[in-house]
Structures are given as structure tokens and as C-alpha cells.
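Okay, here's what each chain looks like letter by letter:
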Amino acid sequence: MAIMVCGGAGYIGAHTVFELIGRGEEVVIVDNLQTGHRGALNPAAKFYEGDIRNADILEKIFSENKIEAVIHFAANSLVGESVQNPLKYFNNNVGGMQILLEAMTKFGVDKIVFSSTAAVYGEPEKIPIVETDKTLPTNPYGESKLIMERMIRWVKNLRFVSLRYFNAAGAIESGSIGEDHKCETHLIPLILQVPLGKRDHITIFGADYPTHDGTCLRDYIHVVDLADAHILALNYLRNGGDSEIFNLGNGRGFSVKEIISAAEKVTGQKIKTEIGERRAGDPAKLIASSDKAKKILHWTPRFSEVEKIIATAWNWHKNNPDGYKE
Ligand code: UDP
């Protein structure tokens, strides 16, 4: 039986496929390559190019393969873009989920691991954030993921694990795959563009937040640790586990300034900064409690040092300054 990975050519999807293949799993990828990359596809996986909103392609995949479970990454994930174009997010993310769940129901596929986000919480009332905290998204991206989580709960004969990621970062240590967004908005890859000579400076979005150095605190979690959590979640469902939601983070907040200093240490280069305006919708602090994932899934993140996380990102970007070749 195979695991179907929707969005397996994307950043976290490709890392999860790599880990699945490494554990001897059979993998079928479906990806429309809208934000994913052909170069990120694992040659050991079977690939279908297509959109999960297309019921015909799902029908074809479920007919041609024996699918045991689905791991679902296929979604748009940019907060700023979602504010500009909310309906794109409801169409692709929510609409895609509906078609996928219909196909899974039709073919009797009863397990799904879902890629969710800390953005479902919105502005936290307390830190660290636990899974039972209030969910009140402050942008359409977070809202779309929350709706998707809620949709899954109502589907009959389906068990799910929803994984709410905090700030995914880094790359596989070999550097064979990594982060490559057509329009990069994330802090670590943008910082690394300075030592790569692709950017003159990094703008710090606000230095007047109520934190120790005035810049926002985020919980950075290594992409391979995220990938591992998906496999643990899959095995948890295989072993009969009930549907659950888990936060995935390191439980420590690093400020934007601390991340820049860590990147200077890793790259050995001074990184020029400028203080800019706050970015709309940015909470001052987002830090996870991942105690539940540690307790129930027995998840242990291996990359808890932020410099180690940045070093793996640097290894990828240095060797692939323009990202994937295709
Ligand atoms: N950030 C920044 N400058 C940039 C990009 C991001 O100061 O050029 C800040 C951003 O305001 C946030 C943190 O870095 O406080 C992490 O942002 P990112 O977009 O990487 O992730 P998010 O927390 O939005 O998921």
C-alpha cells in the first residue's frame, strides 16, 4: 500500500517524501507544480502532475494505486498574499480539501495527516501556545487552514492528525533539497540572500514590539523534524490512534535580531540591517508548547539549536543560490 503525498514537490512535502522513502514506504505524489518544483521530486516516488481540485486526477490516482493514507501539504501558504487575495486561499485550500475528502471517502481511504499552521491561533493570549487555546486567525491563510481542519472532523470513517507548524526552517543536511519560494517572504532565506550578494540588507519589520530587544519572537523548527512528525503521525493512525491536533515547534522564541546574529555567526559575514515598519498582522510572540506531540507521538526534535537550523539552510542556499534548476 502506498502513501499519497499531496504537495510532495513543495518545501515541507519534499522533505517528508525523502524521510518516507528512507523508511521504505511506497510514495505517490500529486502536485500541480504551482509553487512546488520538479527538481524537488524524489525519483523513488511515483509522480502525478495535477491539481487536487480536479476530481478526475484523484480518481485516476486512487484507481491506479492502493492508497493507504494521505499526507496533505497542497495549499497556498503566504500570509500577505492571502490578505490581498483571500478567495484564492478559500478556492485552492478549502476547495482542494473538499474534493480530496470526497475522493478519499469514495475510495475508502480512512487516514489523513494534515499540514496545518500556528496561524490558526491568531494573536495569542498567552505563551507558550497549547492546542486547546482559542483559534481566531488574523488572516485568510490561517482561516483557510482552520476551516480545513474543521471540515476533516465531520467526515465519516476518517481519522486525522492535524499538525500545526510554527516557523519551518532549514534543509536536509546533505543539501539536496531545500527552501525555494518564487516570491520569498520568510526571514531566514531573506537574511541569507545578504551574504549571498543577492540583497544589500535585511529590513527588520518593527523594533518596537514588547519583547526583550523590540523585535518579534518566533519558534523556528527544522523541516526534517517536521517531516519526522508526519511519519510518527502516520504510524500513530496506523496503530489505531484517535484523531488529534498537535503543535510542532521547539518551544523557544528567537527574535528577528537574534536570528540575524546567528546567521552572521553561521556565514561568517556581517549582515547589514535596516529598521522598517511593522508588517501587518504580525503577533509579537509565537511560541509553541509541543508537549502533546512529545507525549503522544513520542516526537523529539533533533535540531533545537537555531544556529544548526540556519547552518543547514545556508548549506542549501550557498550551493543553490538560484534555487532548484527546474
Ligand atoms: N521578518 C522581518 N523581515 C523580513 C521578513 C520577516 O523582520 O524581511 C520578520 C517578521 O516580521 C516576523 C519574523 O521575521 O516577525 C518571521 O517572519 P516569517 O515571514 O519568516 O514567518 P511568519 O512568522 O510570518 O510565519
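Residues numbered from 1 in each chain as written. Predicted model: local features only at pLDDT ≥ 70, side-chain atom pairs only at ≥ 80, totals over all residues. Heavy atoms only, no water.

Undergrad: Go over the sheet that holds strand β1 (residues 2-6) with me, naming the residues and quoting the values.
TA: Pairing within the open sheet is parallel, and its 7 strands lie in the order β3-β2-β1-β4-β5-β6-β11. Each of the sheet's edge strands pairs with one partner strand only, and the pair in question is β3 (46-49) and β11 (244-248). When the angles between neighbouring strand axes are averaged without regard to direction, this sheet yields 20°. As defined by bridge partners, strand β2 (residues 26-31) adjoins β3 across 4 bridges and the pair is classed as parallel. When the sheet's bridge partners are listed, Ile29 is paired in β3 with Phe47. Against the sheet, helix α1 (residues 11-22) contacts β1, β2, β4 (67-72) and β6 (159-165), and its axis sits at roughly 165° relative to β2. (Pairing = 2+ DSSP bridges. Helix = DSSP H or I, 4+ residues; strand = E, 2+ residues; numbered from the N terminus. Axes fitted to C-alpha atoms, helices over the stretch in contact; angles between N-to-C directions. Contact = heavy atoms within 4.5 Å.)

Undergrad: Give me the pattern of salt bridges: which residues, what numbers.
TA: The full count for this structure, using the stated rule, is 22 salt bridges. The closest approach of N and O atoms between Glu25 and Arg238, which form a salt bridge, is 2.8 Å. Residue Glu25 is located in the loop between α1 and β2, and its partner Arg238 is located in helix α7 (residues 223-238); the two are separated by 213 residues in the primary sequence. Residue Glu25 is classed as buried on the basis of its relative accessible area, which comes to 18%. (Salt bridge = Lys/Arg side-chain N within 4 Å of Asp/Glu carboxyl O. Buried < 20%, exposed > 50% of the residue type's maximum accessible area, 1.4 Å probe, protein only.)

Undergrad: Any details on the site of the ligand? Residues and values, ideally.
TA: Taken together, the neighbourhood of the ligand is formed by 15 residues, with Leu187, Thr203, Arg218, Arg279 and Asp282 sitting nearest. One of the backbone nitrogen or oxygen atoms of Thr203 is found 2.7 Å away from a nitrogen atom of the ligand. Within the side chain of Asp282, one N or O atom sits 2.5 Å away from an oxygen atom of the ligand. Within the complex, 88% of the 510 Å² of free accessible area of the ligand lies under protein. At 4 residues, the largest contribution of residues to the shell around the ligand is made by strand β8 (residues 202-205). Across the shell around the ligand, the residue classes break down as 8 nonpolar, 4 polar and 3 charged. (Near = heavy atom within 4 Å. Polar contact = N/O pair within 3.5 Å; in protein donor to acceptor, adjacent residues only side chain to side chain. Areas by Shrake-Rupley, 256 points an atom, 1.4 Å probe, with all protein chains shown as cover. Nonpolar A, V, L, I, M, F, W, Y, C, P; charged D, E, K, R; others polar.)

Undergrad: Residue-level account of the layout of surface pockets, with values.
TA: Volume-wise, the second largest pocket comes out at about 150 Å³. Across the lining of the second largest pocket, the residue classes break down as 4 nonpolar, 5 polar and 5 charged. (1 Å grid on protein atoms, 1.4 Å probe; cavity = no way out; pocket = protein on both sides within 12 Å on 5 of 7 lines; lining within 4 Å. Points joined across faces, edges and corners; volume = space filled by probe spheres on them.)

Undergrad: Break down the sheet that holds strand β9 (residues 217-218) for me, citing the residues and quoting the values.
TA: On the basis of which strands lie adjacent, the open sheet formed by 3 strands has the order β12-β9-β14 and mixed pairing. Taken across any chain shown, the strands that pair with only one partner, and hence form the sheet edges, are β12 (254-255) and β14 (285-286). In this sheet, β12 lies alongside β9 in antiparallel orientation, the contact comprising 2 bridges. Bridged to Arg218 within β12 is Phe254.

Undergrad: Outline empty space enclosed by the protein, listing residues and values.
TA: Counting across every chain of the model gives 1 cavity of 30 Å³ or more. Here the lining of the largest cavity is composed, by residue class, of 3 nonpolar, no polar and 4 charged.

Undergrad: So, helix α4 (residues 86-107): which residues are in play, and what are the values?
TA: Compared with an ideal rise of 1.5 Å per residue, which puts 22 residues at 32 Å, α4 spans 31 Å between its outermost C-alpha atoms and is within 8% of the ideal. When we look at burial in α4, the residues that qualify are Tyr89, Asn92, Asn93, Val94, Gly95, Gly96, Met97, Ile99, Leu100, Leu101, Ala103 and Met104. Taken together, the buried residues of α4 touch β1, α2 (55-64), β4, α3 (79-84), β5 (111-117) and α5 (140-153). Looking one or two places after α4, you find Gly108, whose phi comes out positive at around 70°. (Expected span 1.5 Å × (residues − 1).)

Undergrad: Describe the packing of α1 against α7, with residues and values.
TA: Following both chains from N to C, one finds α1 and α7 inclined at 60°, their axes separated by 8 Å at the closest point. Regarding the angle of α1 to α7, the classification is oblique. Pair α1 / α7 crosses with right-handed handedness. Counted together, Tyr11, Ile12, His15, Thr16, Glu19 and Leu20 of α1 and Val223, Val224, Leu226, Ala227, Asp228, His230, Ile231 and Leu234 of α7 form the full contact between these two elements. Residues that form the contact of α1 with α7 fall into these classes: 9 nonpolar, 3 polar and 2 charged. (Parallel < 35°, antiparallel > 145°, perpendicular 65-115°, else oblique. Left-handed = near helix turned anticlockwise from the far one by under 90°.)

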